[in-house]
Amino acid sequence: MNDKGLFYWVWFIFKNYWSYFLKGTVLTLEIAIIGTILGYVLGFAIGLVQATPVSKGDNLVHKIGFSVLKPVCSVFVAIFRGTPMMVQAMVFYYGLKNAGVDVSPFLASLIVLMMNTGAYMAETVRGGIISIDKGQFEGGFALGMSHTKTMFAVILPQAFRNIVPEMVNQFLTNLKMTSVLNVIGVYELYFATKSAAGIYYRYFESYIICAIFYFIICTVFTKILKVVEKKAFQQKDYELAVEYMSGAAE
């Protein structure tokens, strides 16, 4: 069989070991979807902390709390944006092992992807918030709204439009970046490909199949997310802001 051509081997490996690729694809999607969603939540929380001002008129709890949280968030973002995710996975997974904490590769990969996504999304959220004109804050305060209400009712709905494209890009990036998690033994698509390739030592042909799988899932999710984004932003107005304005008029 060594004299067979490229397409023969690609088809041969796929036909006999398609279950390897399917299992790896399923786990890749699980890690990417769950880890990214958790990362979005973490990123929004950190971004809100970073974008919240601390002024002299704030109460003592607010001052102390944000004075502590802001530096912690800044260090967190700097570390996870400044180091490769492959290194983060190895330090986190093997660090916990050395400390006597038994954590599965799957759980470790979810946590690492969540923290990595959170660090990048935090800067995206912070940038989206500060991109909104300060007059929007002043308008909310003029209507008697607190900083929190203004943020969630006026600022975030507008900032979200600027943030969504980067959220989509981050998810697609995470789909591909799950491949580095094979270093801690996660049986994702890249790891599955290595297993199939090692049987006949046909690495080139196996990675062609791997590339096709990645291309298909990324293309499908790109189309889905574009449709969702388009549907989500068909509504032009902000109902909460309108309600506050009508309430103020009364």
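Residues numbered from 1 in each chain as written. Predicted model: local features only at pLDDT ≥ 70, side-chain atom pairs only at ≥ 80, totals over all residues. Heavy atoms only, no water.

1. Description of the nonpolar core
Of all hydrophobic cores here, the largest spans 39 residues; its most connected members are I13, I129 and L175. For this core, the secondary-structure elements that each account for two or more residues are α1 (6-51), α4 (105-130), α6 (147-177), α7 (189-200) and α8 (203-232). The dominant element in this core, judged by the number of residues it contributes, is α6, at 13 residues. If sequence neighbours within four positions are ignored, I13 has contacts with W18, F21, A196, R202, E205, S206 and I209. Of all hydrophobic cores here, the second largest spans 16 residues; its members include V103, V180, L181 and Y187. (Core = buried A, V, L, I, M, F, W, Y, C linked by side-chain atoms within 4.5 Å. Buried < 20%, exposed > 50% of the residue type's maximum accessible area, 1.4 Å probe, protein only. Helix = DSSP H or I, 4+ residues; strand = E, 2+ residues; numbered from the N terminus. Contact = heavy atoms within 4.5 Å.)

2. Topic: the state of the cysteines
Taken as a whole and assessed by the stated rule, the structure comprises zero disulfides. In this model C210 remains outside any disulfide bridge; the closest cysteine sulfur is found in C218, 11 Å from its own. (Disulfide = S-S within 2.5 Å.)

3. Thoughts on the environment of F141
Here F141 shows up in helix α5 (residues 134-142). We classify F141 as partly exposed; its relative accessible area is 42%.

4. What to know about unusual backbone geometry
Even without a glycine there, the phi angle at Y201 is positive, about 55°. Structurally, the position occupied by Y201 is in the loop between α7 and α8.

5. Re the confidence of the model for the protein
On average, residues of the protein score 86 in pLDDT, and 90% of them reach the 70 mark or higher. Ranking the helices and strands of the protein by mean pLDDT puts helix α3 (residues 85-98) first, with 95, and helix α9 (residues 239-249) last, with 42. Counting contacts from residues 236-250, a segment whose pLDDT is below 50, to residues more than four positions away or on other chains yields 12 contacts. (pLDDT = per-residue confidence, 0-100.)

6. What about the packing of aromatic side chains?
Aromatic ring pairs are described here by two measures, namely the spacing of the ring centres and the angle between the planes. Applying the stated criterion across every chain, the model contains 16 aromatic pairs. Feature note: the residues Y8, W9, F12, Y17, Y20 and Y200 constitute an aromatic cluster, connected by ring pairs. When the ring centre of Y187 is taken as reference, the NZ or CZ atom of K23 above it lies at 4.8 Å. (Phe/Tyr/Trp six-rings, centres within 6.5 Å; stacked < 30°, edge-to-face > 60°. Lys NZ or Arg CZ within 6 Å of the ring centre and 35° of its normal.)

7. Considering the side chain of T28
Counting through the fold element by element, T28 comes out in helix α1. A residue is classified by how much of its surface remains accessible, and T28, at 0% relative accessible area, is buried. Ignoring any residue separated from it by four or fewer positions in sequence, one finds T28 in contact with L175, T178, E188 and L189.

8. A few points about the pattern of salt bridges
Counted according to the given criterion, the structure contains three salt bridges. Salt-bridge contacts for E205 lead to R202; the nearest nitrogen and oxygen are separated by 3.2 Å. Accessibility assignment for this pair places E205 and R202 in one class, buried. (Salt bridge = Lys/Arg side-chain N within 4 Å of Asp/Glu carboxyl O.)

9. A word on the environment of D102
Here D102 shows up in the loop between α3 and α4. By relative accessible area, D102 is classed as exposed at 68%. Polar side-chain contacts of D102 include one of 2.8 Å to the side chain of K97. (Polar contact = N/O pair within 3.5 Å; in protein donor to acceptor, adjacent residues only side chain to side chain.)

10. Re the packing of α5 against α6
Close contact between α5 and α6 brings their axes to 9 Å; oriented N to C, the two are set at 135°. Relative to α6, α5 is oriented oblique. As for the relative orientation of α5 and α6, their crossing is right-handed in sense. Where α5 approaches α6, its residues Q136, F137, G140 and F141 are matched on the opposing element by H147, T150, M151, V154, I155 and Q158. Here the residues of the contact of α5 with α6 sort into five nonpolar, five polar and no charged. (Axes fitted to C-alpha atoms, helices over the stretch in contact; angles between N-to-C directions. Parallel < 35°, antiparallel > 145°, perpendicular 65-115°, else oblique. Left-handed = near helix turned anticlockwise from the far one by under 90°. Nonpolar A, V, L, I, M, F, W, Y, C, P; charged D, E, K, R; others polar.)

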